[in-house]
Amino acid sequence: MNNTMISIKNINKTYNNLTALHDVNLDINQGEFIALVGMSGGGKSTLLRLIAGLEQPTAGSVTIDQSDTKTLMRVMFQEDRLLPWMSVLDNLSFGSKDKNTKAHAQELLELVELGDYADHYPTQLSGGQKQRVALARALMSHPKILLLDEPLGALDALTRRKMQDLILDICQKQNLTTILVTHDVEEAARMADRIIVMKDSTNSYEEDCPKNRNAGQIGIVADRVLGEILNEKPLEVKTA
Amino acid sequence: MQKPVSISTTRRKKFTIPVDKFLPFLIPIIVVLLWQVSSSLGWLSSSVLPSPIAVFQDGVKLTLSGELPKNLSISLYRATVGLLIGGGIGFLLGFINGMSNTSRLLFDSSIQMFRNIPHLALIPLIILWLGINESAKISLVAIGTMFPVYINTFHGIRSVDPDLIEMGKSYDLTKKQLFFKIIFPAALPQILVGIRYALGVMWTTLIVAETISASSGIGYMANNAEDFVDMETVVLCIVVYAVLGKISDLIAKSFESLLLEWQNTGRSNA
Ligand SMILES: Nc1ncnc2c1ncn2[C@@H]1O[C@H](COP(=O)(O)OP(=O)(O)OP(=O)(O)O)[C@@H](O)[C@H]1O
Ligand SMILES: [Mg+2]
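- Where an unreviewed UniProt entry is consulted, chain B appears under the name ABC transporter permease, with the organism given as Companilactobacillus nantensis DSM 16982.
- One UniProt comment on chain B, placed under Subcellular location (unreviewed entry), says "Cell membrane".

- Chain A goes by ABC-type nitrate sulfonate bicarbonate transport system, ATPase component in an unreviewed UniProt entry, where it is assigned to Companilactobacillus nantensis DSM 16982.

This is the structure in C-alpha cells:
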C-alpha cells in the first residue's frame, strides 16, 4: 500500500532575488522515512518549512493526503523551543487542565524516558533531555507526519546515537511519515528508507536504502551520497 | 539528579543565609547610630538635623494625634490610584502597539515625543486645568508612571523570541493561548522592570505635587512643617518617603520572584 502522503509539485521558492528552491518534485509515501541531506544553504530547511506550512511557496504546491480526517503534522526544530516558564509536563500540554491531555503527556514522557522529570523546568535539563521533551511534545495529539529539522545537530555523538534509535523506534511503531533534515550522511544512511540530496536548489539525486542494513551497507550508502553531494564521481566515470 | 548535594555546600548555605539577610541593614544601622551619637554629643545642632530619637518621638506624637496616619493614607491613596491608572494605560498601549504593527506605526512615535516632556513640567498646566484637587495629583502620578510601563511592555512584547511564537503557531495554539502561554510570560520580566521603575517615579511625582499644591498628604506635611521651622517633622516626612519607597520596592521584588519562579530554577543560579 504505497499511497502518497505528501505530494510536492514544481515547488519554487525565492527570497528577493535569491532562489532557495527550484522546481522541486517529490512524492513521499505513507509511513516512509525520508532524509534530506545536502550542503549548507541547499534549501533543506526551506523545503521542510514549506511542507510544514510555515512558509508559502513562490510557485507550485504541496499537497498533504487528507483521506482520514485532518492529517496532523508536527515539526521538531533544531533548537528545542521549549517554554522556559512552564514545567516539562506543561510544555507538552501547554498547561491544559484536561485530565486526558495530562495523562497523555505523562505517557509520552515515559516513552522518552523522562517520566520522573514532569515537574522540572527546561533549564534544569541537559541538552539531550530537552530534545527528548521536544520530541515528546511533537508526538502529542497523535501526528501522522513528523518533520525534523536537524533536531540532533547540537548533541554529542553518544546522545545523538541514542536519540536516533529512539526516533526510529517511535516512527516505526506509530507508523509515522517522517522527513528528517540532516547534514550528517551517516545519520541519513542509518535511519532513512530513502535519502534525498538537495543540491543547486533542487532534489538532484536520491538513493533507496536497503532494509535491515548492517554497518557496512550504511557506510557504502553514506559514501555514495557524500560523493554525490560533493560532486566526487567515481574514477571509472571520469576516464570513460 | 538534584539529590546528591555535597556536605560542604549544605554547610556553606546554612552559614551564609543569616549573613546575606543581615548585610543590607548594616550600613543603615551604622548611619543611624552615628547620627544619634553626633546629636547626643552636640556635634550636630538640632537646628541642622534633629536626632533620630527626636524624629521618632515626633513620629509617635503625630501618629497618636492622627495627623500622620491621615496624611499617609491620602498619599497612599493618590499613589495607588495614580499608578493603577497610569500603569493600566501604559500596559494597554504597550500591549496594543506591541501586538499590532498598524497601531505601532500610528501611535508609537507620538507617544515617544510626549514621553520626552518631563512630566513634572506639566504641573502648572494641570493645576490650571484641574485646580489643586485630587484629580490633579492623581493625573500627574498617572502620567509619570504610564511611560515606564508603556515602554517596557512594548519592548517586552516586541522582543519575544519569534521562534517560540512560530512554534506556538505550528502547534495549533489559538491567538488567546499564544498570548497567555507564550507572549505574556516571555514579556513579563521586562514588564515588571517597568513597574518597578514606575514605583520610583510614582513617589517622586507625588512628593513634588504634594509639596507644590496640596492641603493634605506627606508632601504637604513636610511643606507645612517647613513653614513652622518644625525640623523633626520635615525629617520625619523624608524618612517616611524612604520607608515607603523601600516597601514598594520589596513588594515589587516579591512579585517578581513569585511570578518569575522559573527564572530561579536554572542550574547556574543554584
Ligand atoms: N527567510 C529567509 N530570507 C532570505 N533568505 C532565506 C531565508 N531563508 C532561507 N534563505 C536562503 O535560502 C537558501 C536556502 O536556505 P535553507 O535554510 O533552506 O538551507 P539549508 O539547506 O537548510 O542549510 P543548512 O544546512 O545550513 O541549514 C539560503 O541561501 C538562505 O540564505
Ligand atoms: Mg537548515
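1. What to know about the pattern of salt bridges
Working step 1: Applying the stated criterion across every chain yields a total of 19 salt bridges over all chains.
Working step 2: A salt bridge links A:R160 to A:E187; its shortest N-O distance comes to 2.9 Å. In this pair, A:R160 is assigned in helix α5 (residues 157-173) and A:E187 in helix α6 (residues 185-191), connecting sequence segments 27 residues apart. When sorted by exposure, A:R160 lands in the same class as A:E187, which is buried.
Working step 3: Among the charged side chains, a salt-bridge network with shared partners connects A:K13, A:R49, A:E55, A:E79, A:R81, B:D163 and B:E166.

2. Concerning the interface of chain A and chain B
Working step 1: Taken together, the 25 residues of chain A in the interface contact 19 residues of chain B.
Working step 2: Carbon and sulfur atoms make up 61% of the area that chain A and chain B hide from each other, which totals about 2100 Å².
Working step 3: There are four salt bridges connecting chain A and chain B.
Working step 4: For the interface between chain A and chain B, the tally reads eight residue pairs in polar contact (both at pLDDT 80 or more).

3. Examining the pairing of strand β9 (residues 202-208) of chain A
All names here are of chain A.
Working step 1: Bridge count between strand β8 (residues 194-199) and β9: six bridges; the pairing is antiparallel. Each residue of the ladder has a partner; that of I195, found in β9, is E207.
Working step 2: Counting the residues between successive antiparallel strands, the hairpin from β8 to β9 contains two residues, one of them, D200, with a positive phi of roughly 50 degrees.

4. Regarding the UniProt feature "transmembrane region" (unreviewed entry) in chain B
All names here are of chain B.
Working step 1: Per the UniProt record, "transmembrane region" (unreviewed entry) is found at residues 21-44, 76-96, 116-132, 138-157, 178-195 and 234-252.
Working step 2: End C-alpha atoms of residues 21-44 are separated by 31 Å, and the span's content is 83% helix alongside 0% strand.
Working step 3: Regarding residues 178-195, the helix share stands at 100% and the strand share at 0%, and the terminal C-alpha atoms are separated by 23 Å.

5. What to know about the side chain of A:R137
Working step 1: Looking at the element boundaries, A:R137 is found in helix α4 (residues 127-139).
Working step 2: Buried charged residue A:R137 carries no salt bridge. Nearest counter-charge: A:D80, at 6.3 Å.
Working step 3: A distance of 2.9 Å separates the side chain of A:R137 from the backbone oxygen of A:D80, its partner in a polar contact.
Working step 4: In this structure, A:R137 is in contact with A:D80, A:R81, A:L82, A:N91, A:L92, A:F94, B:M167 and B:Y171, ignoring residues within four places of it in sequence.

6. Let's talk about the UniProt feature "domain: ABC transmembrane type-1" (unreviewed entry) in chain B
Working step 1: The UniProt record annotates "domain: ABC transmembrane type-1" (unreviewed entry) at residues 68-252 of chain B.
Working step 2: Spanning residues 68-252 of chain B, this segment combines 86% helix with 0% strand, and its end C-alpha atoms are found 25 Å apart.

7. A look at the site of ligand 1
All names here are of chain A.
Working step 1: The environment of ligand 1 is formed by Y15, L18, A20, M39, S40, G41, G42, G43, K44, S45, T46 and E150.
Working step 2: Contact distances for ligand 1 include 3.0 Å between an oxygen atom and a backbone N or O atom of G43.
Working step 3: Bound to the protein, ligand 1 loses 60% of the 630 Å² it would expose on its own.
Working step 4: Counting residues per element, the ones that place at least two in the shell around ligand 1 are β2 (18-29) and α1 (44-52).

8. A few points about unusual backbone geometry
All names here are of chain A.
Working step 1: In the Ramachandran plot, F94 falls in the positive-phi region, its phi being about 50 degrees despite a non-glycine side chain.
Working step 2: Counting through the fold element by element, F94 comes out in the loop between α2 (88-93) and α3 (99-111).
Working step 3: The exposure class assigned to F94 is buried, which follows from its relative accessible area of 8%.
Working step 4: Here the phi dihedral of N175 falls at roughly 50 degrees; this positive angle occurs in a residue that is not glycine.
Working step 5: Position of N175 among the secondary structure elements: in the loop between α5 and β7 (177-181).

Reading the values: rules and limits
Residues numbered from 1 in each chain as written. Chains lettered and ligands numbered in written order. Predicted model: local features only at pLDDT ≥ 70, side-chain atom pairs only at ≥ 80, totals over all residues. Heavy atoms only, no water. UniProt positions renumbered as here; feature names shortened; annotations may be inferred. Salt bridge = Lys/Arg side-chain N within 4 Å of Asp/Glu carboxyl O. Helix = DSSP H or I, 4+ residues; strand = E, 2+ residues; numbered from the N terminus. Buried < 20%, exposed > 50% of the residue type's maximum accessible area, 1.4 Å probe, protein only. Contact = heavy atoms within 4.5 Å. Buried area = accessible area lost by both parts, 1.4 Å probe. Polar contact = N/O pair within 3.5 Å; in protein donor to acceptor, adjacent residues only side chain to side chain. Pairing = 2+ DSSP bridges. Lys, Arg positive; Asp, Glu negative; His and termini not counted. Near = heavy atom within 4 Å. Areas by Shrake-Rupley, 256 points an atom, 1.4 Å probe, with all protein chains shown as cover.

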